[in-house]
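# Inside the fold
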Amino acid sequence: MDPNCIFCKIVAGQIPCHKLYEDERVLAFLDVGPLSVGHALVIPKHHAVRLDELPEEDAAAVGAVLPRLGRAVSQATGINDYNVLQNNGEPAGQVVMHVHFHLIPKPDDAPRTGGPPGSPGSGLGIGWPAGKLEQDEAKALVEKITTAMG
Ligand code: 5GP
Ligand code: ZN
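A brief report on the enclosed structure follows. Residue positions are given per chain, counted from 1 along the sequence in the order it is written. Each chain is given a letter, starting from A, and each ligand a number, starting from 1, according to the order in which they appear as written. Reporting in this predicted model follows two pLDDT cut-offs: at least 70 for local features of residues, and 80 or more for side-chain atom pairs to be given and counted; totals over whole chains, interfaces and linings ignore these cut-offs and use all residues. Water and hydrogen atoms play no part in the side-chain values, which are based on all heavy atoms of the structure.

### Examining the coordination of the zinc ion (ligand 2)
Donor criterion used throughout: N, O or S atom within 2.8 Å of the metal, extended to 3.2 Å for Na, K and Ca. Water excluded; incomplete-looking sites may result. The protein atoms that coordinate the zinc ion (ligand 2) are Cys-5 (SG), Cys-8 (SG), His-47 (ND1) and His-98 (ND1), at distances of 2.0 to 2.3 Å. The rule is simple: four donors are tetrahedral if all their angles sit between 85 and 135 degrees, four are square planar and six octahedral if opposite donors span more than 155 degrees and the others lie between 65 and 115, and anything that fits none of that is irregular. Around the zinc ion (ligand 2) sit 4 donor atoms, and with donor-metal-donor angles ranging over 103 to 115 degrees the site reads as tetrahedral. Each donor residue of the zinc ion (ligand 2) lies on one chain, and together they are spaced C-x2-C-x38-H-x50-H. Taken as a pair, Cys-5 in the segment before helix H1 (6-11) and His-47 in the loop between strand E3 (40-44) and helix H2 (56-77) lie far apart in primary sequence, 42 residues in all. Secondary structure elements are defined from DSSP: runs of H or I of at least 4 residues count as helices, runs of E of at least 2 residues count as strands, and each element is numbered from the N terminus.

What follows is the structure, given as C-alpha cells:
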C-alpha cells in the first residue's frame with residue numbers, strides 16, 4: 001500500500017468507489033470519468049506503478065477477471081464490444097500511478113473518433129497510424145526481445 005496512491009486508498013476503503021467485483025487480489029469499479037457507459041477499471045490490490053512491476057500472481061488474477069467482467073459489462077449495458085486499455089508511464093497516457101486496466105464499452109456502429117458517454121461515438125477514440133514491419137527490423141527485434149525474455 002502506498003499511502004499517497006488514490007487507488008490504494010480505494011482498495012483500503014478510505015475513498016469510496018462504485019464496486020463491481022472484489023476478490024483477494026483484485027478490485028474492479030466504475031471509472032469516475034467514463035469514456036462510455038459502463039467504463040470500468042480492474043486493478044490489482046497490490047500496489048505497483050507499472051504492469052512490468054506487477055508480481056505474476058497478481059497479473060494472473062487480474063487477467064482472470066477481465067473476461068468475466070467483459071461479459072458482465074456487455075450484458076448489463078447491452079453494448080457487446082469494448083476495448084481493454086492499460087497505460088504505462090506518462091507518455092503513454094498514465095495518470096494514476098497504480099496499475100489498472102480500462103474496460104471501455106464501444107457502442108455498435110460507432111466511429112473511432114470518440115464522443116460523450118451515451119452517444120453512438122462514445123468509447124475509446126484511437127488513431128492507428130500503422131507502419132510496415134520490415135524483415136531486417138523484425139529479425140533484430142525478435143533477437144533482442146527473446147533474449148530479454150530469458
Ligand atoms: P490512466 O490515464 O491513468 O490510464 O487512467 C486513470 C483513470 O482513473 C481515468 O480514467 C480516471 O477517470 C480514473 N480515476 C481517477 N481517479 C479516480 C477515482 O478516484 N475513482 C475512480 N473510480 N476513477 C478514478
Ligand atoms: Zn497504489
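### Brief notes about the environment of Ala-48
Residue position: Ala-48 is located in the loop between E3 and H2. When the C-alpha positions of Ala-48 and Asp-58 are compared, they lie 10.0 Å apart, and in sequence the two are 10 residues distant.

### Quick look at the packing of aromatic side chains
Between the rings of Phe, Tyr and Trp (Trp by its six-membered ring), a pair exists once the centres lie within 6.5 Å; its type follows the angle of the planes, with under 30 degrees stacked, over 60 edge-to-face, and the other angles tilted. Inspection of every chain in the model, using the stated rule, returns 1 aromatic pair. Ring geometry for Phe-7 against Phe-29: centres 5.5 Å apart, planes inclined by 85 degrees, an arrangement best described as edge-to-face. Of this pair, Phe-7 sits in helix H1 while Phe-29 is found in strand E2 (residues 26-30), placing the two residues 22 residues apart along the sequence. Owing to a relative accessible area of 7%, Phe-7 belongs among the buried residues under this scheme. Each residue is placed in one exposure class: buried if its accessible area under a 1.4 Å probe, protein chains only, is under 20% of its type's maximum, exposed if it is over 50%, and partly exposed if it falls in between. Residue classification places Phe-29 among the buried residues on the basis of a relative accessible area of 3%.

### As for the pattern of salt bridges
Any Lys or Arg side-chain nitrogen located within 4 Å of an Asp or Glu carboxyl oxygen qualifies as a salt bridge. Considering all chains together, one arrives at 4 salt bridges under this definition. Between Glu-22 and Lys-19 there is a salt bridge, and its shortest N-O distance comes to 2.6 Å. For Asp-58, the salt bridge goes to Arg-25, with nearest N and O atoms at 3.2 Å. Within this pair, whereas Asp-58 is found in helix H2, its partner Arg-25 is found in the loop between strand E1 (19-22) and E2, the two being separated by 33 residues in sequence. Its relative accessible area of 33% is what places Arg-25 among the partly exposed residues. Each of Lys-19, Glu-22 and Lys-45 takes part in salt bridges that share partners, so that together they form one network.

### Focus on the site of ligand 1
Near is defined per residue: the residue qualifies when any heavy atom it owns lies within 4 Å of the molecule or strand. Taken together, 16 residues lie around ligand 1, and Asp-31, Gly-93, Val-95, His-100 and His-102 are the ones closest in. Contacts to ligand 1 include Asp-31, whose side-chain N or O atom sits 2.5 Å from an oxygen atom. Using a 1.4 Å probe, accessible areas were evaluated by the Shrake-Rupley method; residue-level cover was limited to the displayed protein chains. Calculation on ligand 1 without its partners gives an accessible area of 520 Å², and the protein chains cover 81% of this total. Here the element with the most residues in the shell around ligand 1 is H1; it accounts for 3 residues. Three classes are used, and their members are as follows: Ala, Val, Leu, Ile, Met, Phe, Trp, Tyr, Cys and Pro are nonpolar, Asp, Glu, Lys and Arg are charged, and the others, Gly among them, are polar. Among the residues forming the shell around ligand 1, the class breakdown is 9 nonpolar, 6 polar and 1 charged. Here a polar contact means two N or O atoms within 3.5 Å. Within protein one must be a hydrogen donor candidate and the other an acceptor candidate, and residues neighboring in sequence count only if both atoms are side-chain atoms.

As far as function goes, none of this settles anything; it's purely spatial.
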